[in-house]
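Commentary on secondary and tertiary structure
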Amino acid sequence: MSAITLDRIRKTYPGGPQVLHDVSMDIRDGEFIVIVGPSGCGKSTLLRLIAGLESCEQGEIIIAGRRANELAPQDRDIAMIFQNYALYPHMSVRDNIGFGLELRRVPKRERIARAEAVAQTLQLGPYLDRKPGALSGGQRQRVAMGRAMARDSSTFLMDEPLSNLDNALRVEMRTEIKDLHRQLGATIIFVTHDQTEALTLADRIAVMMDGHLLQFDTPEAIYDRPATQAVAAFLGQPPINLLPAMDLPGWQGPSGCVVGLRPETLTVHASRPAGPAIAGRVTLSEMTGAVLVLHCDTDAGRLVVAAPRSALPPGAGPVWITHDPGKALCFDQTTGARIETPVRAPASRVQAANVIA
Amino acid sequence: MARENRWLAALALLGGLLFLSPALYSIAVSFQTAQSYYQGGFDPTLDNFIRAIGQYDFARYLLNSVIVSGLVTLIGLSLATMAAYAFARFDFPGGNLMFAATVATLMIPSHITLIPNYLSLARVGLLDSYAGLVLPAISNGFAAFFLRQYIKGIPRALDEAAYMDGARPIQVLWRVIVPIARPAILSMGLFIFIGEWNNYIWPLVAVGREDLYTLQIGLARLYKLNPGEGAVDWPLVMAASTITILPVLAGFLLIERHLVRGITMGALK
Ligand SMILES: Nc1ncnc2c1ncn2[C@@H]1O[C@H](COP(=O)(O)OP(=O)(O)OP(=O)(O)O)[C@@H](O)[C@H]1O
Ligand SMILES: [Mg+2]
């Protein structure tokens, strides 16, 4: 049974434009859902609708098999982490975390013990008696997190809960959330701007744009088989290269489409390889650790290539870029929808074939 | 900079003394005998206070004032806070109209409602009672208006967080809004209390029984009853005045430190 079902949700704020357009989602019990999308696309609005803080003029929200449109937030058994934290300024960290338990009549002793245990895992131990006003941004964010974690709800809504943390802490909290998910078996709906977060955490990712749900699928499917050009462009770092098919030498797929080439599926050569290749030169080379991100000016326009650091000798002149036809994506020029390309051979064989040709 | 501050401080002190001087003078006079007051000399005594309380029942008036002002403040503040919360946070049918009406009451001078209030209380037989003194004062449009503005300034996200934590609206009001709005509520309470404490016209109109007199009425009567040999017994009147102002002053000093800073700091990003 699905934990939460959204059925053709429409939302318009009074006096504003329509913010959500017929969004439908089936979220299974215990699933980790990540919602991504550009700023202002309606992610927070969607969470608030599920929470019951906002009502929609059309569509149905079903929680645990029951229509929940008219259910008050208090009755939905959902914990939420707000994008702007919304901590109680007059309460200590301990009381902020324990407030939900207190409202549920958990005995004081147990409540305090639980609040303190949660604070420990969030490294908030030293700040239990402080008020939010005396905490740093990252600490406040963790208190907001702890407030939701202290209650064992069946569903957690998290609106960019890690956005204000430094890198180390973010990675740590990511693990923490994953553990939480495993331990509680809770359903988590998580909004983020961070692609790594989305790809590493999610069972399924929902990609939203301008109030439309563009695709709702596993991270692999979203990355390898994006529904539209927009989804392909949104996910992936460095971003996908998009170019007209006719600019691509050796393209054998349908003509008159837009081809998407992920930077890591391109190969860069210091000397002209056999077979079709795009000639160009490197204008910028970024060292990102294990991988070199090369920005190239080519006959086919600007291309970004992610290559191993050994790919190019230092001070190389002109370069040639080849692509793996098996991994190229193809999009309809007008609608942006992805077209299944006939070339779907395993990568290694195609590569080899290319070189031979 | 430092020198400038010192001058300002001196100026403020001078102004303060100027404002306080009548009160200080009356307190000083209240400890003098009639003789030393009229003929000079210094002869401190508590006799005036003893007479005000023993002979003229000022203890009773004080109790009445405390009861009436206390009830007006407590009930009035509670009603105003709840109305303010409703106005600030909920859309309900007629809400805007009711709020407009609340604000409109600020334009009506109290003297206009004096006689209608008197007549309606007379009809239900509540003149000459505590209820008669308290009832007309508990609906306080200004307090509701003022607190609504303040509550509107508290981020709604805090209400929402509390809802997600499982709170009902009344718990949100009591556990989140009221503690955060405490400085405003306390200020308003002080304001209401002092206003009622100093209220003269309504108790004068509504009460004829001496055991229901408030301090203000007692004070006025004392002044009228004691012309002495053509002269007022000022030390006695001043002792009564001192009894009238001291509780308010004490109350103010007690809650003064709560009146300052607001505390929404740190709630949001
Ligand atoms: N209370 C409101 N009244 C009117 N319009 C609103 C309200 N809240 C949000 N909007 C509008 O709805 C749209 C979606 O907002 P929302 O907060 O859901 O975006 P978001 O995807 O969460 O963005 P971000 O990533 O920046 O947080 C925006 O265009 C915003 O201006
Ligand atoms: Mg948002």
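Here the structure is a predicted model, which means the values were calculated and not measured.

**Considering the overall build of chain A**
Per the secondary structure count, chain A includes nine helices and 18 strands. In terms of principal-axis extent, the alpha carbons of chain A reach across some 75 × 45 × 35 Å. Looking at chain A as a whole, 52% of its 357 residues qualify as buried. Entry remark: accessible area of chain A is about 15,700 Å², with carbon and sulfur atoms responsible for 51%. Computed over 37 positive and 38 negative side-chain charges, the separation of the two mean positions in chain A equals 4 Å.

**A few points about the interface of chain A and chain B**
With 30 residues of chain A at the interface, the matching set in chain B holds 24 residues. Counting across the interface, chain A meets chain B through four salt bridges. With a closest N to O distance of 2.7 Å, D75 of chain A and R168 of chain B form a salt bridge. Remark: the boundary between chain A and chain B carries 10 residue pairs in polar contact (both at pLDDT 80 or more).

**Some points on the coordination of the magnesium ion (ligand 2)**
Of the protein atoms, only S44 of chain A (OG) and Q83 of chain A (OE1) coordinate the magnesium ion (ligand 2), at distances of 1.9 to 2.3 Å. A residue pair is termed long-range when its members are at least 10 positions apart, and S44 of chain A in helix α1 (residues 43-51) and Q83 of chain A in the loop between β6 (78-81) and α2 (93-103) qualify at 39 residues.

**Observations concerning the sheet that holds strand β12 (residues 257-261) of chain A**
Either a parallel or an antiparallel arrangement is found when strands of a sheet pair, and the pairing is made through backbone hydrogen bonds. Residue and element names in this part refer to chain A. The sheet built from three strands is open, its strands ordered β11-β12-β18 with antiparallel pairing. Of all strands in the sheet, those bounded by a partner on one side alone are β11 (241-244) and β18 (329-332). Each neighbouring strand pair of the sheet contributes to a mean axis angle of 30 degrees, computed without reference to strand direction. Pairing between β12 and β18: four bridges, direction antiparallel. If you follow V258 over to β18, its bridge partner there is F331.

**Considering the packing of helix α4 (residues 58-89) of chain B against helix α9 (residues 156-164) of chain B**
Residue and element names in this part refer to chain B. Direction vectors running N to C along α4 and α9 enclose 100 degrees, while the axes themselves pass 12 Å from each other. Considering their axes alone, α4 and α9 lie roughly perpendicular with respect to each other. Taking contact as the criterion, the partners of Y85, A88 and R89 in α4 are, on α9, R156, D159 and Y163. Grouping the constituent residues of the contact of α4 with α9 by class yields three nonpolar, no polar and three charged.

**Some remarks on the domain arrangement of chain A**
Residue and element names in this part refer to chain A. The domain architecture assigned to chain A consists of domain 1 (4-231) and domain 2 (239-356). On a C-alpha basis, the centroid separation for the pair domain 1 and domain 2 is 38 Å. In total, domain 1 and domain 2 occlude about 750 Å² of area from one another, counting both sides; carbon and sulfur atoms represent 48% of this. Of all residues in domain 1, Y223, P226 and Q229 bury the most surface against domain 2, accounting for 68% of the area lost on that side. Our count for the domain 1 to domain 2 interface comes out at zero salt bridges. Considering every element that reaches the side of domain 1 that touches domain 2, the biggest residue donor is helix α7 (residues 219-224), with three residues. Considered class by class, the residues forming the side of domain 1 that touches domain 2 number four nonpolar, two polar and two charged.

**Thoughts on the site of ligand 1**
All names here are of chain A. If you check the shell around ligand 1, you find Y13, V19, S39, G40, C41, G42, K43, S44, T45, Q83, E160 and H193 and nothing else. Between ligand 1 and the protein, one listed contact pairs an oxygen atom with a side-chain N or O atom of S39 at 2.5 Å. Between ligand 1 and E160, the relevant distance is 3.5 Å, taken from an oxygen atom to a side-chain nitrogen or oxygen of the residue. Its free accessible area being 630 Å², ligand 1 has 59% of it covered by the protein chains. Per-element tally for the shell around ligand 1: the top contributor is α1, with three residues. Grouping the constituent residues of the shell around ligand 1 by class yields three nonpolar, seven polar and two charged.

**Looking at the confidence of the model for chain B**
All names here are of chain B. In the predicted model, chain B carries a mean pLDDT of 88, and 93% of its residues have values of at least 70. When mean pLDDT is taken per element in chain B, helix α10 (residues 169-180) scores highest with 96 and helix α2 (residues 34-39) scores lowest with 80. What the predictor reports for the complex is a pTM of 0.83 with an ipTM of 0.82.

**Regarding the sheet that holds strand β14 (residues 278-287) of chain A**
Residue and element names in this part refer to chain A. The five strands are arranged β13-β17-β14-β15-β16 in an open sheet whose pairing can be described as antiparallel. One side of each edge strand has no neighbouring strand; the edge strands of this open sheet are β13 (266-269) and β16 (301-308). Neighbour-to-neighbour, the strand axes of this sheet turn through a mean angle of 45 degrees, independent of strand direction. Where β13 and strand β17 (residues 318-323) come together, four bridges link them in antiparallel fashion. The residue of β17 that forms the bridge with T267 is T322.

**Section: the nonpolar core**
If you look at the biggest cluster of nonpolar residues, it comprises 93 residues, and the most contacted ones within it are I35 and I189 of chain A together with F58 of chain B. Take this core: its biggest share by element is nine residues, from α4 of chain B. In this structure F58 of chain B touches A52, I53, L215, G218, L219, L222, A240 and I243 of chain B, once residues within four positions along its chain are discounted.

**Looking at unusual backbone geometry**
Omega for the bond connecting Q237 of chain A with P238 of chain A falls within 30 degrees of zero, at -5 degrees, which places this linkage in the cis form. By the element assignment, P238 of chain A lies in the loop between α8 (229-234) and β11. The phi dihedral of R8 of chain A falls on the positive side, at around 45 degrees, and the residue is not glycine. A positive phi angle, close to 60 degrees, is found at D128 of chain B, a residue other than glycine. Its location among the elements puts D128 of chain B in the loop between α6 (110-123) and α7 (130-134). Since its relative accessible area comes to 29%, D128 of chain B is described here as partly exposed.

**Structural notes on the pairing of strand β8 (residues 187-191) of chain A**
Residues and elements named next belong to chain A. Buried residues dominate β8, accounting for five of its five residues. Burial along β8 is two-sided: the face carrying T187, I189 and V191 and the face carrying I188 and F190 are both buried. Of the strand pairs in this sheet, strand β3 (residues 32-36) and β8 are connected by four bridges, and their pairing is parallel. Residue pairing for β8: I33 is matched across the bridge by I189. Each parallel crossover has a hand, and the one from strand β7 (residues 155-159) via helix α5 (residues 167-184) to β8 is right-handed.

Analysis parameters
Residues numbered from 1 in each chain as written. Chains lettered and ligands numbered in written order. Predicted model: local features only at pLDDT ≥ 70, side-chain atom pairs only at ≥ 80, totals over all residues. Heavy atoms only, no water. Helix = DSSP H or I, 4+ residues; strand = E, 2+ residues; numbered from the N terminus. Buried < 20%, exposed > 50% of the residue type's maximum accessible area, 1.4 Å probe, protein only. Areas by Shrake-Rupley, 256 points an atom, 1.4 Å probe, with all protein chains shown as cover. Lys, Arg positive; Asp, Glu negative; His and termini not counted. Charge placed at Lys NZ, Arg CZ, Asp CG, Glu CD. Contact = heavy atoms within 4.5 Å. Salt bridge = Lys/Arg side-chain N within 4 Å of Asp/Glu carboxyl O. Polar contact = N/O pair within 3.5 Å; in protein donor to acceptor, adjacent residues only side chain to side chain. Donors = N, O, S within 2.8 Å, 3.2 Å for Na, K, Ca; no water. Pairing = 2+ DSSP bridges. Axes fitted to C-alpha atoms, helices over the stretch in contact; angles between N-to-C directions. Parallel < 35°, antiparallel > 145°, perpendicular 65-115°, else oblique. Nonpolar A, V, L, I, M, F, W, Y, C, P; charged D, E, K, R; others polar. Domains from an automatic or database assignment. Buried area = accessible area lost by both parts, 1.4 Å probe. Near = heavy atom within 4 Å. pLDDT = per-residue confidence, 0-100. Core = buried A, V, L, I, M, F, W, Y, C linked by side-chain atoms within 4.5 Å. Right-handed = clockwise from strand over helix to strand, strands pointing away.

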